Amino acid sequence: MQVLMSVLQFVSIIAFAATAVAETAEPTMKAIVIHEFGGPEVLKYEDVPRPEPKDDQILVRVVAAGVNPVDGMIRSGMFETKPYRTSLMILGGDIAGVVERVGSKITKFKTGDPVFAYLSLENNGGYAQYALTNAREAAPKPKSLTYTEAAAVPIVALTAWQALIDAAKLSAGQTVLIHGGSGGVGTFAIQIAKARGAKVIATASTANQDLLKQLGADVAIDYTKTKFENVAKNVDVVLDSVGKDTLARSYGVVKKGGFIVTLVARVDQAELDKHGIHGASLSVEPNSNELAEIGNLIDEKKIRVIVSQTFPLSEARKAQEQVATGHTRGKIVLKIAEDPR
């Protein structure tokens, strides 16, 4: 009997100790991390510490995360300067999910709120089960969207908005030429421009001509068959997401006093001066107010979201390889959890 009691006491002690260790252990989560810069092969699916929100931060349980070309650029080391780090980095700037916890200074959101956000490049962290954001980056998730659709919005929609509205000051009645109209930025740019009352000329490959028209483009140009400068003349604004020869040929189609904004290169000041036009090279910034405005347009059915493929978090490498082809229709999204009911 004494032996049995001793065994039971020992088991009880072990169970108590295990419970105590479990309670004090740092909570973890699944994430896609990189420990060094390189190709898609450096992406690793691992258990990592779950982040804790500071006073001005929001901890989000991520349901879906968008995949963008910039993710691959960061992964490859293109921005191998501070604040980027290689000891352990979680990529991903687009998230949609549910607020798990808020810091003491957060008044705009509470636990349980559905949100979507553009995590600044300095923070990133979207390829994970949990991510940190703040009131400057996050906005209420559009009610009409699934979390997968919402995760496809922030970076590309804000890029289109800041290019057309903030930089080029696009207004009703003007004409805009949008290069790469079937891509992530292009699909939003077409619809934002139409919602603004502008006439839209957009370029894409043969396979995406119908999509351009469905999104509202007034003129669709198949760049594999037609030179855009033979169709687009004296436009008010050009939005370039292609660069190189496409950008070089675009200066000549902008009317005097017009504007050209490029997302992938530096504008040529000599060309701007030569044609009497203005221009800017855009670097997108998180903006919760603009993201909320975009969300309202989505709920008003003025903008629809194109998601071409989804992958589980563990297959982030495949997702990035597809994005790197440069021929993705709309957006690719990582599905990390089931949509909450």
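First, a word on what this report is: a plain description of the structure on this page. (Residues numbered from 1 in each chain as written. Predicted model: local features only at pLDDT ≥ 70, side-chain atom pairs only at ≥ 80, totals over all residues. Heavy atoms only, no water.)

## A few points about the packing of helix H4 (residues 154-167) against helix H9 (residues 288-299)
Right, on to step 1. It is at 10 Å that the axes of H4 and H9 come closest, and there the two elements cross at 100°. In this view, H4 runs roughly perpendicular relative to H9, as classed from their interaxial angle. Residues Pro154, Ala157, Leu158, Trp161, Gln162 and Asp166 of H4 form the contact with H9, whose own contacting residues are Glu290, Leu291, Glu293, Ile294 and Leu297.
Right, on to step 2. Of the residues belonging to the contact of H4 with H9, the class tally is seven nonpolar, one polar and three charged. (Axes fitted to C-alpha atoms, helices over the stretch in contact; angles between N-to-C directions. Helix = DSSP H or I, 4+ residues; strand = E, 2+ residues; numbered from the N terminus. Parallel < 35°, antiparallel > 145°, perpendicular 65-115°, else oblique. Contact = heavy atoms within 4.5 Å. Nonpolar A, V, L, I, M, F, W, Y, C, P; charged D, E, K, R; others polar.)

## Regarding the sheet that holds strand E2 (residues 44-49)
Hydrogen bonds along the backbone pair up the strands of a sheet, which may run parallel or antiparallel.
Right, on to step 1. Strand order across the open sheet formed by three strands is E2-E1-E4, with antiparallel pairing between neighbours. Only two strands of the sheet have a single partner each, and these edge strands are E2 and strand E4 (89-90).
Right, on to step 2. Relative to E4, strand E1 (residues 28-34) is paired through two bridges, and the arrangement is antiparallel. Paired with Ile34 across the bridge in E4 is Met89. (Pairing = 2+ DSSP bridges.)

## Some details on the sheet that holds strand E10 (residues 199-204)
Right, on to step 1. With parallel pairing, six strands are arranged side by side in an open sheet as E11-E10-E9-E12-E13-E14. One side of each edge strand has no neighbouring strand; the edge strands of this open sheet are strand E11 (219-222) and strand E14 (278-281). Looking at each pair of strands side by side, their axes are set apart by 15° on average, direction ignored.
Right, on to step 2. Pairing of strand E9 (residues 175-178) with E10 involves four bridges; the strand directions are parallel. Bridge pairing in E10 links Val176 to Val200.
Right, on to step 3. The strands touched by H4 are E9, strand E12 (235-240) and strand E13 (254-262); relative to E12, the strand with the most contacts, the crossing angle is about 150°.

Don't take any of this as a statement about function, it's just geometry.
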